[in-house]
Amino acid sequence: MAQVTFLEAIRQALFEEMERDPTVVCLGEDIGVYGGAFKVTQGLLERFGWERVIETPIAETGIVGAACGMSFMGLRPVAEMQFIDFIACCFNQITNYAAKSYYRWGAPVPIVVRGPSGGGVHGGPFHSANPEMYFVHTPGLKVVYPSTPYDAKGLLKSAIRDNNPVLFFEHKFLYRRIKEEIPEGDYTVPLGKAVVRREGKDLTILSYGAMMHTSLEAVELLAKEGIDAELIDLRTLLPLDREMILQSVKKTNKLMVVHEDTKTGGIAGEIAAVVCEGAFEELDGPILRVTSLDTPVPYAPSLEERFLPNVNDVVRTARELANY
Amino acid sequence: MKFPLTREQQIELYYYMKLNRQLEEQMVKLFRQNKIVGGLYSSLGQEAISVGTAYALEKRDWLAPMIRNIGALLVKGFRPRDIFTQHMARYTSPTRGKDGTSHFGDLKELHVVSPISMLGDLIPVMTGVAMAGRYLGQKVVALTWIGDGGSSTGAFHEGMGLSASQRAPLICVIENNQWAYSTPVSRQVPARDLADRAKAYGVASSIVDGNDVVAVYQTTKEAVERCRAGQGPVIIEAKTHRMRGHAQHDPAEYVPKEMVEYWKARDPIARYENYLTANKLWNEKVKSEILARIEKEILEDQEFAENSPFPPPELAEQDVYCEGPLPNEAKWRRPIEEVRPPKASVKPEWTVKDFGGQEHPTPGGAPASISGDGTGAAARKASKPVKKAPPVKASQPKGRK
Ligand SMILES: Cc1ncc(C[n+]2csc(CCOP(=O)(O)OP(=O)(O)O)c2C)c(N)n1
Ligand SMILES: [Mg+2]
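In what follows, the accompanying structure is described. (Residues numbered from 1 in each chain as written. Chains lettered and ligands numbered in written order. Predicted model: local features only at pLDDT ≥ 70, side-chain atom pairs only at ≥ 80, totals over all residues. Heavy atoms only, no water.)

1. Quick notes on the site of ligand 1
Residues and elements named next belong to chain B.
At step 1: In the region of ligand 1, 13 residues are neighbours, and Arg68, Gly149, Gly150, Asn177 and Trp179 sit closest.
At step 2: The contact in question runs from an oxygen atom of ligand 1 to an N or O atom on the backbone of Trp179, over 2.8 Å.
At step 3: Considering ligand 1 on its own, with 580 Å² of exposed area, one finds that the protein chains cover 67% of that surface.
At step 4: Per-class residue counts for the shell around ligand 1 are five nonpolar, six polar and two charged. (Near = heavy atom within 4 Å. Polar contact = N/O pair within 3.5 Å; in protein donor to acceptor, adjacent residues only side chain to side chain. Areas by Shrake-Rupley, 256 points an atom, 1.4 Å probe, with all protein chains shown as cover. Nonpolar A, V, L, I, M, F, W, Y, C, P; charged D, E, K, R; others polar.)

In structure tokens:
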């Protein structure tokens, strides 16, 4: 077992899948000679050649459209968005072409669209986005947002092997900051399954991505105060692991959701509805949300800090909930 | 004829064009009887383009139709019943009632990719098909169409740019039917020839009389050969006219009467009938046999469609995700080792031959002058209308080695 970064885990997944299956190809901007803006694809070109590591013009619609076409021929393309913010430029190809294809005419679109997401690195309004909910609202897609190196590798492998279009969000704050020992060689983590990161009985905190780590810190502080919080990492946002969410609520009777995405239309709202429909009687308090502000992501560190939820926000909200 | 057609083939071209027209005429009747669930588009007057282009493809090749390419679907092997059931939203349709018009395809046998309504989307998609076909060693060509209007979309530009940079075996047929819904070409792009767009991508292009099925076939066949030889994408502009409104609901009163008259006199089917007669390729007997066959096929398939059920409501909830295996495994036509390490391995570095400077040996060389007044008048003057298909012009981007 070796210690690897979040980024290295993703790179390994790409590497191993390309090694395993010659139908896996990568395409995107600057992913070859340069190895990608964040070096996630470093070494791929050297090993797998120009035909499988396809450097494209700056054309996100072109990239995702071509990935759809390749998938019809039996390939499994992995398309990189240099920053996930640019996924807005191929919204149509993803939501209208890829997502509806199997439902409409029985043609699966086994593609992965992946890229660095999230804030906390002073990327400003166009290099910090969390656009996952645009896609969670789109039937036919799968949306994955890992928080650990182990999961990132295992989930990316599952995403590549899945026969549906999968969007894979890689929080760039985690790329080089999070390290973990992961097994060498092949393993997968199933899509659509959340995981309990810490068991607890007083209340449930749901989170994903970088906020998972913020929540984890908060949970440890809360434990010192005698609040025993259960922390669940959603990992996949679509399809949502409703079962595990309801199970946990039935145990702790209290729920809060922490996400870096903005508040209005964030997944916390959807989860609140799921819980009201499936476990309303079990609730001993309101479902609370800790999220970013309903604004674009601002640039200045002082502004971005205000924008993002932090450990204190989580702790404060958890105390409030525990007191109900 | 550069690419000779046998008598049978020339008769077959007629059969498909006429089938295309009669089928759509029949659907107009069904539309008036409220039997078509959604809108109905017409390719009246454009049959030679759908049929002539698709006829130049081989079975292994791929195409993706737009709404006015029913004729191409027929050539590729779909039957009138598929078109009827699609429009009538029956359970027996290729999409089981989940989508209408020409929004269907077949990955396994016919190699047809479904369009979606968003114009331009098929250009990148078919670029991907072309790239994947080449990667798998299949030597296939991918062909799709776009309207004069759709050629202004971002997806079109991105797709053409990508296909050009990849030298993908892609043929894009611009059906310039002079109108995009109610907007004439002149209000969409200040260029007379949409084929000129090709220059911007560095791809080959050609202009053809879209109402001459033989010319369309010849031009496409040449493009197919180029693509198959690895010479990169081709844009073909086919000049034609939309002879009905945008769809059934549109009386198209905005189209000048003289314009309709002009194009009516150039009807592709009437012209081809004259051609067949003048060249003694058929006689009245052959013609009436074809017409009888078409009528029979259409009526049979219409009956089939009308007797087909609507889909059961529970189908609405099914097949959002593909849970089973892929219906279309990759078909390798080259040794897989070639794409596997170590054979696939390369040096990760660029070979740059053109250093990007200007051809002025001494400092102070004259800057390029800007010509034209911004109205496109200069461009219009420079390009004359082309009656016969000129040879496909090549302007190839350098391949990467
Ligand atoms: C991206 C997009 N915008 C708008 C429309 C609505 N629309 C459908 S057809 C059409 C006109 C298309 O004109 P053209 O591309 O010339 O094709 P034609 O109808 O003449 O065959 C429009 C505006 C659309 N389908 N897609
Ligand atoms: Mg048009």
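2. A look at the sheet that holds strand S2 (residues 142–147) of chain B
Strand pairing in a sheet relies on backbone hydrogen bonds. The paired strands run either parallel or antiparallel.
Residues and elements named next belong to chain B.
At step 1: Read from one edge to the other, the open sheet built from five strands follows the order S1-S2-S3-S7-S6, with strand pairing classed as parallel. Where the open sheet ends on each side, the last strands, each with one partner, are strand S1 (62–64) and strand S6 (204–209). Averaged over all adjacent pairs, the angle separating strand axes in this sheet is 20°, with direction ignored.
At step 2: Sheet topology note: the S2/strand S3 (residues 170–176) ladder contains six bridges and is parallel. Bridge pairing in S3 places Ala142 opposite Leu170. (Pairing = 2+ DSSP bridges. Helix = DSSP H or I, 4+ residues; strand = E, 2+ residues; numbered from the N terminus. Axes fitted to C-alpha atoms, helices over the stretch in contact; angles between N-to-C directions.)

3. What about the environment of Arg235 of chain A?
All names here are of chain A.
At step 1: With respect to the secondary-structure elements, Arg235 resides in the loop between strand S11 (229–233) and strand S12 (236–238).
At step 2: Overall, the relative accessible area of 8% leaves Arg235 in the buried class.
At step 3: Taking the C-alpha atoms as reference, Arg235 lies 30 Å from Trp105; in sequence the two are 130 residues apart.
At step 4: Other than its neighbours up to four places away in sequence, Arg235 contacts Val144, Tyr145, Pro146, Asp151, Leu155, Val189, Lys193, Ala194, Val195, Arg197 and Tyr208.
At step 5: Looking at Arg235, its side chain comes within polar contact range of the main-chain oxygen of Lys193, at 3.0 Å. (Buried < 20%, exposed > 50% of the residue type's maximum accessible area, 1.4 Å probe, protein only. Contact = heavy atoms within 4.5 Å.)

4. Section: the coordination of the magnesium ion (ligand 2)
All names here are of chain B.
At step 1: For the magnesium ion (ligand 2), the full set of protein donor atoms is Asp148 (OD), Asn177 (OD1) and Trp179 (O), and the range of their distances to it is 2.0 to 2.1 Å.
At step 2: Sequence positions of the residues that donate to the magnesium ion (ligand 2) give the spacing D-x28-N-x1-W. Here Asp148, found in the loop between S2 and helix H6 (154–166), pairs with Trp179, found in strand S4 (residues 179–180); they are 31 residues apart in sequence, far enough to count as distant. With respect to class, Asp148 is no different from Trp179; both count as buried. (Donors = N, O, S within 2.8 Å, 3.2 Å for Na, K, Ca; no water.)

5. Digging into the sheet that holds strand S2 (residues 24–28) of chain A
Residue and element names in this part refer to chain A.
At step 1: Taking strand neighbours across the sheet as the criterion, the seven strands line up as S3-S2-S4-S5-S7-S6-S12 in an open arrangement whose pairing is mixed. A strand with exactly one partner marks an edge of an open sheet, and here the two such strands are strand S3 (53–55) and S12. This sheet shows a mean twist of 20° between the axes of neighbouring strands, independent of strand direction.
At step 2: Sheet analysis places strand S5 (residues 112–117) next to strand S7 (residues 166–171), joined by six bridges and oriented parallel. Among the inter-strand pairings, Pro116 is bridged to a residue of S7, identified as Glu170.

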